[in-house]
Amino acid sequence: MAITLYGGPQTRASMPRWYMEEKGIPYDLVELSLAEGQNLKEDFLAINPFGKLPAMKDDSVLDSNGHPLVLFESGAILLHLAEHHGDEIKQPGDRSLISQWTHFANSTLAFAIFVPDQKQKILPRLLSELDSKITKGYFINNKWGAADCAITSYLAYIKLFFPNEDLSAYPAVNILIQATRERPAYQKVMGFT
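Residues numbered from 1 in each chain as written. Predicted model: local features only at pLDDT ≥ 70, side-chain atom pairs only at ≥ 80, totals over all residues. Heavy atoms only, no water.

### Here we look at helix H3 (residues 74-84)
By the criterion of burial, H3 is predominantly enclosed, with eight of the 11 residues buried. Listing the buried residues of H3 in full gives Ser74, Gly75, Ile77, Leu78, Leu79, His80, Leu81 and Ala82. Where H3 is buried, its residues touch strand S1 (3-7), helix H1 (14-23), strand S3 (55-62), strand S4 (68-72), helix H4 (94-114) and helix H7 (146-161). (Buried < 20%, exposed > 50% of the residue type's maximum accessible area, 1.4 Å probe, protein only. Helix = DSSP H or I, 4+ residues; strand = E, 2+ residues; numbered from the N terminus. Contact = heavy atoms within 4.5 Å.)

Have a look at this one:
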């Protein structure tokens, strides 16, 4: 089995990479420089014609043409890893729940964090609800997985990109962000070690 993850600094490749580090899934990392336009070179456009990072090639899963599966979009990659390598699908609805939370993270939560006029309107309500959810444990099957990786990555981004953001109204979110920053796999992926 060979998984190749294509990523680069300040891309969402950190999410699937963190997941694979936490789960002990072996992978090769191909770092591409967005600043140098390496993501727009012909060899990478054969992997992802949109030129976006991350992308992944998994030699252990074949597509309908018998070729190694190639995926782009961090949420799709996380769902694939959870299903094929992370041993997360225990019940019929697990795949759907992982999909729900990764979509929520990559669209609703990301939008609320990074779009300035939405940050004031939407983010407090989302953080309040997430604060309550986090106190109940992990998102699916009471075990850390792809959904937790996606949601927690974005929550940690708040303090990474907006270090002065006051999150004191959300104690569980604050505790989770701090605990995440102390995880060895997260530190490795984010370059904190």
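Having seen the model, we can carry on.
### Points about the pattern of salt bridges
Between side chains of opposite charge, a pair can form when the charged atoms approach closely. This structure, assessed with the given rule, holds five salt bridges. Of the charged contacts in the structure, one is a salt bridge between Glu21 and Lys188, with a shortest N-O distance of 3.2 Å. Placement of Glu21 in helix H1 and of Lys188 in helix H9 (residues 184-190) is noted, with a sequence separation of 167 residues between them. Looking at Glu21, the relative accessible area reads 22%, which means it is partly exposed. (Salt bridge = Lys/Arg side-chain N within 4 Å of Asp/Glu carboxyl O.)

### With respect to the packing of H3 against H4
Packing of H3 against H4 leaves a shortest axis separation of 9 Å and a crossing angle of 155°. In terms of their interaxial angle, H3 and H4 are classed as roughly antiparallel. Judged by the twist between their axes, the crossing of H3 over H4 is right-handed. Along the contact surface, H3 presents Ser74, Gly75, Leu78, Leu79, Ala82 and Glu83, while H4 presents Arg95, Ile98, Ser99, Thr102 and Asn106. Taken together, the residues that form the contact of H3 with H4 break down as four nonpolar, five polar and two charged. (Axes fitted to C-alpha atoms, helices over the stretch in contact; angles between N-to-C directions. Parallel < 35°, antiparallel > 145°, perpendicular 65-115°, else oblique. Left-handed = near helix turned anticlockwise from the far one by under 90°. Nonpolar A, V, L, I, M, F, W, Y, C, P; charged D, E, K, R; others polar.)

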